[in-house]
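Each chain, written out:
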Amino acid sequence: MGAPIAAFLTLVLSLLLWRRLVFRPVVPGMDANLLDGAAIAALNRDRKQALAQRRNSEAAMALVALPSTPQQAREHLKWLEQLSRGSAAERLQAMQEAQRWGDRLCLPLLRRGQRDATVAVARQAACALEAFRGEPLGGYRKAATTGSGKASLPRNVARMR
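Quick look at the structure, then. Quantities reported herein were computed from a predicted structural model and do not represent experimental measurements. (Residues numbered from 1 in each chain as written. Predicted model: local features only at pLDDT ≥ 70, side-chain atom pairs only at ≥ 80, totals over all residues. Heavy atoms only, no water.)

1. Observations concerning the overall build of the protein
Part 1: Summing up its helical and strand segments, the protein has 8 helices and 0 strands in all.
Part 2: Listed by position from the N terminus, the elements making up the protein come as α-α-α-α-α-α-α-α.
Part 3: The proportion of buried residues among the 161 residues of the protein is 17%.
Part 4: Carbon together with sulfur atoms contributes 59% to the accessible area of the protein, which is approximately 13,000 Å² in total. (Helix = DSSP H or I, 4+ residues; strand = E, 2+ residues; numbered from the N terminus. Buried < 20%, exposed > 50% of the residue type's maximum accessible area, 1.4 Å probe, protein only. Areas by Shrake-Rupley, 256 points an atom, 1.4 Å probe, with all protein chains shown as cover.)

This is the structure we're talking about:
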């Protein structure tokens, strides 16, 4: 009685091994042509070229003067607010301009842009907000000091007193 079971298990095992050796599994989502070295090199060249084009377009955009006085900053912010209420292309332009400006006055605009229905606008707003994440501008010690130069208490301690 044990011989037929052993023969059946041997047959199943040999079929599984044969299937594994003959029908090699392909990596899901990977085209077989991309496994070629020349194709990978061509893909890398295309990505480098796209990156160079993006840098050139950003350099061309940087030629527009950014606001230098508080009055110019208010006007620039009003212009960005108007752009952010326009079409999808205008909203995307507003997010790009806010990222290029890099001022904290743009934070509410960028946070609103993160919730935009257009994926490109939301992605651009998220990329623009990356510059504001992390350590504060003067470091943590400078952010913790008050106007008198004395370090302020943590928020939970300050509330207890």
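2. Describing helix H4 (residues 88-101)
Part 1: For H4, with 14 residues, the first-to-last C-alpha span of 20 Å sits near the 20 Å given by 1.5 Å per residue.
Part 2: Among all positions of H4, only Arg-91, Ala-94, Met-95, Glu-97, Ala-98, Arg-100 and Trp-101 are buried.
Part 3: Just beyond H4, the residue with positive phi is Gly-102, at close to 70°. (Expected span 1.5 Å × (residues − 1).)

3. A look at the nonpolar core
Part 1: Counting residues in hydrophobic clusters, the biggest one holds 15 residues, and the most contacted among them are Leu-80, Met-95, Ala-98, Trp-101, Cys-106, Leu-109 and Leu-110.
Part 2: Elements with a contribution of two residues or more to this core: helix H3 (70-84), H4, helix H5 (107-114) and helix H6 (119-129).
Part 3: Not counting residues within four places of it along the chain, the set of residues in contact with Leu-109 comprises Leu-80, Glu-81, Ser-84, Met-95 and Ala-98. (Core = buried A, V, L, I, M, F, W, Y, C linked by side-chain atoms within 4.5 Å. Contact = heavy atoms within 4.5 Å.)

4. Points about the packing of H5 against H6
Part 1: It is the contact of H5 with H6, at a shortest axis distance of 7 Å, that shows an interaxial angle of 140°. In terms of their interaxial angle, H5 and H6 are classed as oblique. The element H5 and its partner H6 pack so that their crossing is left-handed. The segment H5 lies against H6, with Leu-107, Leu-110, Arg-111, Gly-113 and Gln-114 engaging Val-121, Ala-122, Ala-125, Ala-126, Ala-128 and Leu-129.
Part 2: Counted by class, the contact of H5 with H6 contains 8 nonpolar, 2 polar and 1 charged residues. (Axes fitted to C-alpha atoms, helices over the stretch in contact; angles between N-to-C directions. Parallel < 35°, antiparallel > 145°, perpendicular 65-115°, else oblique. Left-handed = near helix turned anticlockwise from the far one by under 90°. Nonpolar A, V, L, I, M, F, W, Y, C, P; charged D, E, K, R; others polar.)

5. So, the environment of Met-95
Part 1: Tracing the backbone through its elements, the reader meets Met-95 in helix H4.
Part 2: By relative accessible area, Met-95 is classed as buried at 2%.
Part 3: Along the chain, Met-95 and Gln-124 lie 29 residues apart, while their C-alpha atoms are 6.1 Å from each other.

6. Some points on a nonpolar patch on the surface
Part 1: A surface patch of nonpolar side chains, about 490 Å² in accessible area, is lined by Ile-5, Phe-8, Leu-9, Val-12 and Leu-16.
Part 2: Here Ile-5 lies in helix H1 (residues 2-22). (Patch = residues over 30% accessible without salt bridge, like charges linked within 9 Å, V, L, I, M, F, W, Y side chains within 5 Å. Salt bridge = Lys/Arg side-chain N within 4 Å of Asp/Glu carboxyl O.)

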